[in-house]
Amino acid sequence: MFMTPGNDFGTYRDAHGNAIEADLSFWATGTTPNTLWLRLAGHGDWLNAAGQVQVDRRLRVQGRADVFAIGDVNDATEQKITPTALAQADLAAYNIRLRLRNSGKHRKEPRLYRPTQRTPVIVPFGSADGLTVLPVPGGDSAVLGARTTVLAKAKT
Ligand SMILES: Cc1cc2nc3c(=O)[nH]c(=O)nc-3n(C[C@H](O)[C@H](O)[C@H](O)COP(=O)(O)OP(=O)(O)OC[C@H]3O[C@@H](n4cnc5c(N)ncnc54)[C@H](O)[C@@H]3O)c2cc1C
């Protein structure tokens, strides 16, 4: 379902162009991390204005060598999706192991996180509809419909 540009959040259109009037709408995209507890615990300086934990390229909380923040909660990337969170988890686990084991002359360098800016976004609408936004070379995106989305995600 798509919002008609410039409307008052009350009129929507489905994939066939039919208008749907809503009595009440909730904007339900994007994520806001639940970091109030950090602020209450006296770590408000870890957070940016959006409430995200600020991390360096090793995914450590800014200014702390022994605290890592991964996934939706940090400010490492705009792409707040599961593959990103998993990639960050792998990298943080590697860096934590390294920190615990690394000593002596032959120290290994911690890995740096490289945000992936362009991944497919697959959004099923139930089991038979949906949208897939696929990055294509040159910086553009291709928008694919129900068939691809169902194949990729909603089959089961
Ligand atoms: C509606 C919706 C649809 C989505 N669809 C997709 C999709 O199709 N594909 C995709 O890749 N991604 C999707 N995402 C994004 C994806 O879910 C997240 O990026 C991913 O779950 C991030 O993982 P995370 O471990 O960082 O956070 P989460 O999975 O949110 O895990 C955080 C955990 O911490 C717990 N927690 C919070 N506060 C506290 C506290 N004070 N104490 C203890 N525990 C606490 C929470 O209960 C939660 O279990 C979607 C997100 C939403 C909201």
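The text that follows walks through the structure, step by step, so that each part is easy to find. (Residues numbered from 1 in each chain as written. Predicted model: local features only at pLDDT ≥ 70, side-chain atom pairs only at ≥ 80, totals over all residues. Heavy atoms only, no water.)

Inspection of the region around the ligand gives Asn34, Trp37, Ile70, Gly71, Asp72, Lys80, Ile81, Thr82, Pro83, Ala85, Ile122 and Lys153 as its neighbouring residues. Contact distances for the ligand include 2.9 Å between an oxygen atom and a backbone N or O atom of Thr82. Lys153 has a polar side-chain atom sitting 2.6 Å from an oxygen atom of the ligand. Protein coverage of the free-state accessible area of the ligand, which is 1,000 Å², stands at 35%. (Near = heavy atom within 4 Å. Polar contact = N/O pair within 3.5 Å; in protein donor to acceptor, adjacent residues only side chain to side chain. Areas by Shrake-Rupley, 256 points an atom, 1.4 Å probe, with all protein chains shown as cover.)

This next bit is on unusual backbone geometry. A positive phi angle, close to 70 degrees, is found at Leu59, a residue other than glycine. Structurally, Leu59 can be placed in the loop between helix H1 (36–43) and helix H2 (82–101). (Helix = DSSP H or I, 4+ residues; strand = E, 2+ residues; numbered from the N terminus.)

A few words on the sheet that holds strand E5 (residues 129–135). Across the sheet, three strands lie side by side as E4-E5-E6; this open sheet has antiparallel pairing. Strands with a single pairing partner mark the edges of an open sheet, and in this sheet they are strand E4 (121–125) and strand E6 (141–144). Each adjacent strand pair in this sheet contributes to an overall mean axis angle of 10 degrees, direction not counted. Where helix H3 (residues 146–154) meets the sheet, its contacts fall on E4, E5 and E6, and the angle it forms with E5 comes to roughly 90 degrees. (Pairing = 2+ DSSP bridges. Axes fitted to C-alpha atoms, helices over the stretch in contact; angles between N-to-C directions. Contact = heavy atoms within 4.5 Å.)

This part is about the environment of Thr119. Inspection of the secondary structure assignment puts Thr119 in the loop between H2 and E4. Taking the C-alpha atoms as reference points, Thr119 and Pro135, separated by 16 residues in sequence, lie 6.5 Å from one another. Once you skip the residues sitting within four places of it in the chain, Thr119 turns out to touch Gln79, Ile81, Val133 and Pro135. Separated by 3.3 Å, the side chains of Thr119 and Gln79 make a polar contact.

Applying the stated rule across the entire model yields zero aromatic pairs. A cation over an aromatic ring shows up here: Arg111 above the ring of Tyr94, its NZ or CZ 3.6 Å from the ring centre. (Phe/Tyr/Trp six-rings, centres within 6.5 Å; stacked < 30°, edge-to-face > 60°. Lys NZ or Arg CZ within 6 Å of the ring centre and 35° of its normal.)

This brings us to a positive patch on the surface. A contiguous patch of positive charge, built from Arg97, Arg101, Lys108 and Arg111, is present on the exposed surface. Here Lys108 lies in the loop between H2 and E4. (Patch = residues over 30% accessible without salt bridge, like charges linked within 9 Å, V, L, I, M, F, W, Y side chains within 5 Å. Salt bridge = Lys/Arg side-chain N within 4 Å of Asp/Glu carboxyl O. Lys, Arg positive; Asp, Glu negative; His and termini not counted. Charge placed at Lys NZ, Arg CZ, Asp CG, Glu CD.)

This next bit is on the pattern of salt bridges. Taken as a whole, this structure holds three salt bridges when the rule is applied. Between Asp56 and Arg60 there is a salt bridge, and its shortest N-O distance comes to 3.0 Å.

Take the environment of Val55 next. Examined against the element boundaries, Val55 turns out to sit in the loop between H1 and H2. Sequence separation between Val55 and Ala76 is 21 residues, and the spatial gap between their C-alpha atoms is 6.5 Å. Ignoring any residue separated from it by four or fewer positions in sequence, one finds Val55 in contact with Arg60, Val61, Gln62, Ala69, Asn74, Asp75 and Ala76.

Taken together, the four bridges between E5 and E6 define a ladder with antiparallel strand orientation. Counterpart to Leu134 in the pairing with E6 is Ala142. The turn linking E5 back onto E6 is made up of five residues, and Gly138 within it adopts a positive phi angle of 100 degrees.

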